[in-house]
Amino acid sequence: QVQLVESGGGLVQAGGSLRLSCAASGSIYRVDAAGWFRQAPGKQRELVAIISSGGSTNYADSVKGRFTISRDNAENTVYLEMNMLKPEDTAVYYCNADVRASIWQSGVNYWGKGTLVTVSS
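Within any chain, residue numbers begin from 1 and follow the written order of that chain's sequence. Side-chain atom pairs in this predicted model are given and counted only at pLDDT of 80 or more, local residue features only at pLDDT of at least 70, and totals for whole chains, interfaces and linings cover all residues. Computation of side-chain values covers all heavy atoms of the structure but excludes hydrogens and water.

Enquirer: I tried to follow the environment of Arg66 on my own but got confused; where do I start?
Expert: What counts as a helix is a DSSP run of H or I of at least four residues, what counts as a strand is a run of E of at least two, and both are numbered from the N terminus. For Arg66, the location among the structural elements is in the loop between strand E6 (57–59) and strand E7 (67–72). A sequence separation of 19 residues divides Arg66 from Leu85, and the C-alpha atoms of the two residues are 7.7 Å apart. Polar contacts involving the side chain of Arg66 include one to the main-chain carbonyl oxygen of Ser62, which spans 2.9 Å. By the criterion applied in these results, polar contacts are pairs of N or O atoms within 3.5 Å in which, for protein atoms, one can donate a hydrogen and the other can accept it, and in which residues neighboring in sequence qualify only through two side-chain atoms.

What follows is the structure in structure tokens.
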């Protein structure tokens with residue numbers, strides 16, 4: 001079984017920065033594509049950023065130039081560096097990843113439980 005555990009959320013003033021971490025643990029051969037999603041109160045969950053196993057990245061238009069997704073394959077950890085935060089970035093941020101238990105198995109998709117980011121104006 002695999003667990004994704006997010007950390008790094010909290011309360012920050014507008015214009016500030018936070019760094020989220022998502023650590024995968026359990027039976028892991030490799031973490032393939034991974035991403036960060038967020039869900040604000042009363043809204044649907046939306047994609048924030050994704051990163052491929054090779055390091056290619058894509059971002060939602062709303063965060064381009066402010067957020068950076070990265071990964072440490074040796075530590076099975078994915079990061080989201082968030083700068084110039086705005087009140088509209090307030091949401092629960094969820095980690096998502098495709099994880100392979102062995103070289104012969106396809107990736108299984110997992111979600112973390114989320115970490116709350118609150119940006120005050």
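Enquirer: Is there a simple way to think about the pattern of salt bridges in this case?
Expert: Side-chain pairs of opposite charge can arise where the charged atoms are in close proximity. Should a side-chain nitrogen of Lys or Arg be within 4 Å of a carboxyl oxygen of Asp or Glu, the pair is scored as a salt bridge. All chains considered together, the criterion is met by seven salt bridges. With a closest N to O distance of 2.8 Å, Arg30 and Asp32 form a salt bridge. Burial here depends on accessible area, computed with a 1.4 Å probe over protein chains only, as a share of the maximum for the residue type. Under 20% is buried, over 50% is exposed, and the range in between is partly exposed. Accessibility expressed as a relative area gives 35% for Arg30, which makes it partly exposed. Across the salt bridge formed by Glu46 and Arg38, the nearest N and O atoms sit 2.7 Å from each other.

Enquirer: When you look at the side chain of Asp89 in this model, what are you seeing that I'm missing?
Expert: For Asp89, the location among the structural elements is in the loop between strand E8 (77–82) and strand E9 (91–100). Side chain to side chain, Asp89 and Arg38 meet in a polar contact 2.9 Å long. Looking at Asp89, its side chain comes within polar contact range of the side chain of Arg66, at 2.7 Å. For this analysis, residues touch if any pair of their heavy atoms sits within 4.5 Å. Those residues in contact with Asp89 that sit more than four places away from it in its chain are Arg38, Arg66, Phe67, Met84, Val117 and Val119.

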